[in-house]
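Coordinate analysis (summary)
Listed below, chain by chain, are the residues.
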Amino acid sequence: MTASYDINPQGLAPGTEPATALEIRLRRRSRISSAVRYGVLLVFGLIMLYPLIWLIGASFKTNAEIFASPSFWPEDPTLSGYINGWQTSTPYTFGRFFWNTFLIITPKVIGTAISCTLVAYGFARFEFPGKRILFVTVIATLLLPNVVTRIPQYLLFRDIGWLDSFLPLWVPSAVAGDAFFVFMLIQFLRAIPRDMEEAARVDGANTLQTLVYIVVPMLMPAIISVCLFQFMWTMNDFLGPLIYISSVDKYPVSLALKLSIDTTEAFDWNQILAMSVLALAPSLAVFFIAQKYFIEGISTGGVKG
Amino acid sequence: MGGDSRYLGFFYVAPYVAGLLLFTAFPFAASFYLSFTDYDLLSTPRWTGLDNYTKLFTRDRTFDKSLKVTLLYVFMTVPIKLAFALLIAVILNYRLKAINLFRTAYYVPSILGGSIAIAVLWRYIFAEAGLVNMIIGAVGIEPVNWFGDPQNALITITLLRCWQFGSAMVIFLAALQSVDKSLYEAASIDGANQWHIFRYITLPLITPVIFFNLIMQTVQAFQEFNGPYIITEGGPLKSTYLLPLYIYDKAFKSFDMGYASAIAWVLFVIIMVLTLAAFWSSKKWVYYAGDKRS
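This structure is a prediction, so every number in the text was calculated from the model and none was measured. Along each chain, residue indices are assigned from 1 in the same order as the chain's sequence is written. All chains are assigned letters beginning with A, and all ligands numbers beginning with 1, in the order in which they are written. For a predicted model such as this one, the threshold for reporting local features is a pLDDT of at least 70, and the threshold for listing and counting side-chain atom pairs is 80 or more; totals across whole chains, interfaces and linings nevertheless cover every residue. As a convention, hydrogens and water are excluded, and side-chain values are obtained from all of the structure's heavy atoms.

With that settled, the discussion passes to the side chain of Ser 283 of chain A. A run of H or I in DSSP counts as a helix once it spans at least four residues, and a run of E counts as a strand once it spans at least two, with each numbered from the N terminus. The topology assignment puts Ser 283 of chain A in helix H13 (residues 269–301). Excluding its chain neighbours within four sequence positions, the residues that come into contact with Ser 283 of chain A are Phe 231, Met 232 and Met 235 of chain A together with Leu 112 of chain B. Whether two residues are in contact is decided by their heavy atoms: any pair within 4.5 Å suffices.

As structure tokens, then:
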């Protein structure tokens, strides 16, 4: 039996009493094991991230060089991948596709934030007939595979004439259609004490005023998490636009990338990789600016990533 | 709060109810109905009874293959991904200085992984002359035909899924950090070693989170589309033709909406049965300490 287990992972304060031989031995052993841990983490981390690092380097390589060397560094750096890739084989540049992505994301994120906040507030702070059953449906839709509802949804949007528009992408989210976010906000709300809300109510605020002036400011970190996740998911969404959007001038970046691998000849790899870098850039930038909110959101709500 | 009216709360959840009925409940019922019809989008759906299901289970070789591949894919990715997520979370949970840095680095693939750009990247790094073969070639391993060989193709898309273990890891890490440290101290004084502490203290305490991750990852894995659609296009020899790809092709390429709905329902039933089985078995292995989690 060894006692080398780190009984205090958060950092054992160095003993205030003189170190015994046992303590010295334990400390040395824990130093070795932490070196092993760092080593494992570094190696796996590098393996994990190398594809992304390589992608960035490769986007500045010539086509010939992309498949000639596994190293990150381009020997003969060129911007031609970016310049030619941006032009695309369509009449539109990637600027158009980024703009379309923006047009899809913005209303979707705003609609999600507002509707999910209202609904989570309703669930977390009120009692009403049927609440339990409705809450069960939140959990059930969390588990309900989208494939089951996709075809009738498509038919529904076709019948109301919304195909080839962004409406099928916006509207379901604007009515709190993403159960994940409702669930996540309810989790956050449950952890917030109600004292201030009750005080506001005593002072004569109605529930909507209480929501806007008291709850929303306290819930802001969670709402930001929701917006960020919705941003990411929409950036990554492919099947939605694939089904609903048919005109190339309305394509978001994800469809445009698919189009570019379908239409470019086998020797235009650097263009595709360059455009992949650009496609990932907004997500990466947003993630690094706001990673705290992602981690918080996912730890609290257990939301998928 | 909410003493004004019994229905005040209902006002707030009304948008959800509307969306639930219109975009979930109605399509859910409609897809069940459609699965018993023949519907090509042009004429009205024609009731054909169990025909779609009979055909699926008796005459459709593509379905057999697709189902097999889907199950194989899910049963490979979910355990590997969760085991890896847990391993890294446990390592990160020691007193490490750069924990935030590592957590971020390991989480990045999860946040990007579902995107088409990553699927495209995967397609190039696992190409015949791609990055992976260059690297293994440098250490003297023969290049692997990642896409050409049906057995390897599934592994390639599995790797993409497993690469995205970060979100499960973050959830594990949050759970590990909420474990009461005094339990470790007590066990350590009683002479328990690291493995015993992990096995008999840590693991039982985080079973609710293991359960949560297991369910979510399984439901998601069954719906994988982007990876195989972009990387292998379902091939070679339909070795990566997961059921969502088959449903997509049937519905939106051959416009065979009734048949596609039937496949979707089979997929749904499989997911439900597995989920219910997990819930049922969870009574035996998931430990709720005073319902601490959520």
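Residues and elements named next belong to chain A. The UniProt feature table records "transmembrane region" (unreviewed entry) at residues 35–57, 97–121, 133–157, 169–189, 210–233 and 272–290. Between the end C-alpha atoms of residues 35–57 the distance is 30 Å, and the span holds 100% helix and 0% strand. In residues 210–233, the share of helix is 100% and the share of strand is 0%. The end C-alpha atoms are 31 Å apart. UniProt positions are given in the numbering used here, feature names are shortened, and annotations may be inferred rather than shown by experiment.

So, on to the packing of helix H2 (residues 51–58) of chain B against helix H14 (residues 257–285) of chain B. Packed helices, taken two at a time, are described by their axes: the angle between them and the distance between them. All names here are of chain B. Axis lines are fitted to C-alpha atoms, over the contacting stretch for helices. Their N-to-C directions set the angle, which ranges from 0 to 180 degrees. Packing of H2 against H14 leaves a shortest axis separation of 9 Å and a crossing angle of 65°. The orientation of H2 with respect to H14, classified from their angle, is roughly perpendicular. Relative to H14, H2 is oriented so that their crossing is right-handed. Of the residues in H14, those in contact with Asn 52, Tyr 53, Lys 55, Leu 56 and Phe 57 of H2 are Gly 258, Tyr 259, Ala 262, Ile 263, Trp 265 and Val 266. To sort the angles, those under 35 degrees are grouped as roughly parallel, those over 145 as roughly antiparallel, those from 65 to 115 as roughly perpendicular, and the leftovers as oblique. Definitions for this section: a left-handed crossing has its near helix turned counterclockwise from the far helix by less than a right angle. A right-handed crossing has that turn clockwise.

As a further point, take the pattern of salt bridges. Residues and elements named next belong to chain A. Should a side-chain nitrogen of Lys or Arg be within 4 Å of a carboxyl oxygen of Asp or Glu, the pair is scored as a salt bridge. This structure, assessed with the given rule, holds 10 salt bridges over all chains. The residue Asp 164 makes a salt bridge to Lys 250 at a minimum N-O spacing of 3.5 Å. Of this pair, Asp 164 sits in the loop between helix H6 (146–159) and helix H7 (167–174) while Lys 250 is found in the loop between helix H11 (239–244) and helix H12 (253–263), placing the two residues 86 residues apart along the sequence. Remark: exposure states derive from per-residue accessible area (1.4 Å probe, protein chains only) relative to the maximum for the residue type, with buried under 20%, exposed over 50%, and partly exposed in between. Overall, the relative accessible area of 17% leaves Asp 164 in the buried class. Judged by relative accessible area, Lys 250 falls into the partly exposed class, the value being 26%. Lys 258 is the salt-bridge partner of Asp 262, the closest N and O atoms lying 3.2 Å from each other. Note that Asp 262 and Lys 258 are positioned in helix H12 at a spacing of four residues, about one turn of the helix. With relative accessibility at 9%, the residue Lys 258 sits in the buried group.

Attention now moves to the UniProt feature "domain: ABC transmembrane type-1" (unreviewed entry) in chain B. Per the UniProt entry, the sites bearing "domain: ABC transmembrane type-1" (unreviewed entry) are residues 67–278 of chain B in this numbering. End C-alpha to end C-alpha, residues 67–278 of chain B measures 20 Å, and it is 75% helix and 0% strand.

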